[in-house]
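Listed below, chain by chain, are the residues.
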Amino acid sequence: MAFHGNQGTDIEEQNRVLSIYFETLCAAVVETGLLAVVLDAVLAEACQPCPADAALGARVLAFVATLALQADGVEATPEDPYPPQLRLCWELSKGADKFGRLLEAGLSTEPTGLRLRELVHSCVILSGVSTQRCDISEDGFTLTCRMLLTTTLDSAPQDAVLLVLLGALAVNVGDLEVSRSRLLEATGALKPDDLSRARARLTRRDGQRLPLRGGPKALLTLFSCGVSASVELVVSDTPHTGNSVAKGVGIREVVHNAPVEFRCHLDGKLLCDPVVSPSGDVFERTTLARYLQQHGRCPVTGAPLLMEECLRSLEIRKKVTQWVRSEGRKRPKSTMGKAR
């Protein structure tokens with residue numbers, strides 16, 4: 001629409017006009033309070049036991065990420081100390097826990113292939129533009145990103161684009177050292193052409209750039225054409241199939257051997273969005289919501305129970321995330337020969 005009837009406009013002029021449009025849109029989203037309203041409305045829908053549009057949360061994350069990318073490289077000036085792009089970033093930081101819940105809703109649909117890549121891409125942008133201006137926090141969005149990172153790497157992805165995005169996410173949420181061994185293991189299986197494309201992706205400066213905390217240098221070494229044979233890699237106790245996520249295995253099924261206290265008291269799977277009932281029992285929120293919709297009683301005590309009586313526990317979610325991360329350090333190590 002911006003260039004209707006102006007096909008002769010050069011690319012620099014088009015970029016300038018688009019920049020103005022995005023700046024105006026950022027200002028409108030922040031100053032009207034639209035972001036908070038949309039987040040609340042989408043969460044109300046996406047967190048239903050059977051949402052009408054299961055992918056709604058992922059699409060909203062993608063839209064907000066597109067806007068947030070406009071803040072990459074923008075700095076305050078004496079003439080404009082509060083540019084709209086930076087104000088949007090501050091609003092995103094304030095809503096981090098809600099974005100975490102939105103990401104959890106997106107993960108509950110068990111995205112695979114292109115949908116998974118798009119979701120991780122959104123997380124890279126949102127985490128990147130926020131951590132460039134402040135320290136990495138322990139908010140709900142960061143914790144859920146770490147869970148997404150760990151469980152996706154556990155599925156042994158062989159997609160070069162996805163691996164680039166996972167590496168970028170590891171940098172932005174402060175998990176690169178924790179994830180380095182598994183990233184090296186995965187990139188070591190890539191062909192030279194895939195490695196070259198990965199490095200090119202990391203150094204793009206156009207609209208498809210990846211905002212990275214501290215720049216791309218740390219990641220470029222992971223996608224080099226040769227890996228030293230002395231590099232020790234973390235390997236799972238059980239062999240990877242290489243496509244567990246592609247077959248639809250959900251994020252909660254990927255992590256095995258979780259302690260009892262980190263498992264849902266209803267289905268026994270790893271907790272991602274824990275809630276605590278009045279009796280002290282801990283459940284996965286969406287699992288309990290589906291159960292209560294049919295039965296209306298606590299699955300443990302049998303007493304009448306409403307979803308509103310069960311409170312989310314950020315503390316338990318932090319402990320679960322820390323456990324998942326620590327498991328990566330404890331796994332048996334093996335040595336990989338030189339990559340192709």
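Just so you know, these numbers come straight off a predicted model, no measurement behind them. (Residues numbered from 1 in each chain as written. Predicted model: local features only at pLDDT ≥ 70, side-chain atom pairs only at ≥ 80, totals over all residues. Heavy atoms only, no water.)

**Some words on the overall build of the protein**
What the protein contains, in helices and strands, is 14 helices and five strands. Taking all 340 residues of the protein together, the buried fraction comes to 46%. Look at the contacts in the protein between residues 6 or more apart in sequence, and 69% of them connect residues 24 or more apart. For the protein, the exposed surface amounts to about 16600 Å²; the carbon and sulfur share of it is 55%. (Helix = DSSP H or I, 4+ residues; strand = E, 2+ residues; numbered from the N terminus. Buried < 20%, exposed > 50% of the residue type's maximum accessible area, 1.4 Å probe, protein only. Contact = heavy atoms within 4.5 Å. Areas by Shrake-Rupley, 256 points an atom, 1.4 Å probe, with all protein chains shown as cover.)

**A few points about helix α9 (residues 176–187)**
Taking 1.5 Å of rise per residue, twelve residues should cover 16 Å, yet α9 covers just 14 Å from first to last C-alpha, more than 12% shy of that figure. The element α9 is extensively covered by neighbouring structure, given that nine of its twelve residues are classed as buried. Considered for burial, the residues of α9 that qualify are Leu-176, Val-178, Ser-179, Ser-181, Arg-182, Leu-183, Leu-184, Ala-186 and Thr-187. (Expected span 1.5 Å × (residues − 1).)

**A few points about the sheet that holds strand β3 (residues 282–284)**
A sheet is described by the order of its strands in space; here three strands give the open sequence β3-β2-β4, paired in antiparallel fashion. Each having just a single partner strand, β3 and β4 (311–312) make up the two edges of the open sheet. As defined by bridge partners, strand β2 (residues 274–276) adjoins β4 across two bridges and the pair is classed as antiparallel. Residue Val-276 lies in a different strand from β4, and its bridge partner there is Leu-311. Along the sheet, helix α13 (residues 285–295) contacts β2, β3 and β4; its crossing angle with β3, the most-contacted strand, is approximately 90°. (Pairing = 2+ DSSP bridges. Axes fitted to C-alpha atoms, helices over the stretch in contact; angles between N-to-C directions.)

**Side note on the nonpolar core**
If you look at the biggest cluster of nonpolar residues, it comprises 64 residues, and the most contacted ones within it are Val-120, Leu-169 and Phe-223. Among the elements that take part in this core, helix α8 (residues 160–172) stands out by supplying ten residues, more than any other. Setting aside residues no more than four positions away along its own chain, Leu-169 makes contact with Val-120, Cys-123, Val-124, Ser-127, Cys-145, Leu-148 and Leu-149. Among the nonpolar cores identified, the runner-up in size contains 19 residues, and Ala-258, Leu-270, Leu-292 and Cys-298 belong to it. (Core = buried A, V, L, I, M, F, W, Y, C linked by side-chain atoms within 4.5 Å.)

**Examining the confidence of the model for the protein**
Mean pLDDT over the protein stands at 77; residues scoring 70 or higher make up 78%. In the model of the protein, strand β1 (residues 232–234) stands out as the element of lowest mean pLDDT, 33, in contrast to α8, which has the highest, 92. Low pLDDT (under 50) marks residues 226–250, which in the prediction has 54 contacts with non-local residues, meaning those over four places away or in another chain. For the stretch residues 332–340, pLDDT sits under 50, and the model shows 31 contacts to residues farther than four places along the chain or on other chains. (pLDDT = per-residue confidence, 0-100.)

**Some words on the pattern of salt bridges**
Under the criterion given, the structure shown has seven salt bridges. Measuring nitrogen to oxygen at the nearest pair gives 2.3 Å for the salt bridge that ties Glu-104 to Arg-317. Of this pair, Glu-104 sits in helix α5 (residues 96–107) while Arg-317 is found in helix α14 (residues 314–330), placing the two residues 213 residues apart along the sequence. The pair formed by Glu-104 and Arg-317 is uniform in burial state, with each residue classed as buried. (Salt bridge = Lys/Arg side-chain N within 4 Å of Asp/Glu carboxyl O.)

**Concerning the environment of Arg-87**
Checked against the element boundaries, Arg-87 lands in helix α4 (residues 84–94). The partly exposed category is assigned to Arg-87, whose relative accessible area is 23%. Between the alpha carbons of Arg-87 and Glu-31 there is a distance of 9.1 Å; along the sequence they are 56 residues apart. Each residue touching Arg-87, except ones within four places of it in the same chain, is listed here: Val-30, Glu-31 and Tyr-82.

**Section: the environment of Leu-212**
Structurally, the position occupied by Leu-212 is in the loop between α10 (192–202) and α11 (217–220). Taking the C-alpha atoms as reference points, Leu-212 and Gly-167, 45 residues apart in sequence, are found 9.9 Å from one another.

**A few points about the packing of helix α7 (residues 140–154) against α8**
It is the contact of α7 with α8, at a shortest axis distance of 10 Å, that shows an interaxial angle of 140°. For the element pair α7 / α8, the angle class is oblique. Note that α7 runs across α8; the crossing there is left-handed. Listed contacts from α8 to Cys-145, Leu-148, Leu-149, Thr-152 and Leu-153 of α7 are Leu-162, Leu-166, Leu-169 and Ala-170. Among the residues forming the contact of α7 with α8, the class breakdown is eight nonpolar, one polar and no charged. (Parallel < 35°, antiparallel > 145°, perpendicular 65-115°, else oblique. Left-handed = near helix turned anticlockwise from the far one by under 90°. Nonpolar A, V, L, I, M, F, W, Y, C, P; charged D, E, K, R; others polar.)

**What to know about the packing of helix α2 (residues 34–46) against helix α3 (residues 56–68)**
Two packed helices can be described by the angle between their axes and the distance between those axes. Contact pair α2 / α3: the axes reach a minimum separation of 9 Å and the direction vectors enclose 160°. Accordingly, the angle class assigned to the pair α2 and α3 is roughly antiparallel. Once α2 is placed against α3, the crossing between them reads as left-handed. Between α2 and α3, the residues in contact are Leu-35, Val-38, Val-42 and Glu-45 and Leu-56, Gly-57, Val-60 and Val-64, respectively. Taken together, the residues that form the contact of α2 with α3 break down as six nonpolar, one polar and one charged.

**Here's the deal with the state of the cysteines**
Linking two cysteines covalently via their sulfur atoms produces the bond known as a disulfide. For the coordinates displayed, the defined rule picks out zero disulfides. As a non-bridged cysteine, Cys-310 has Cys-298 as the owner of its nearest cysteine sulfur, 7.5 Å distant. According to the relative accessible area criterion, Cys-310 is buried, its value standing at 8%. (Disulfide = S-S within 2.5 Å.)

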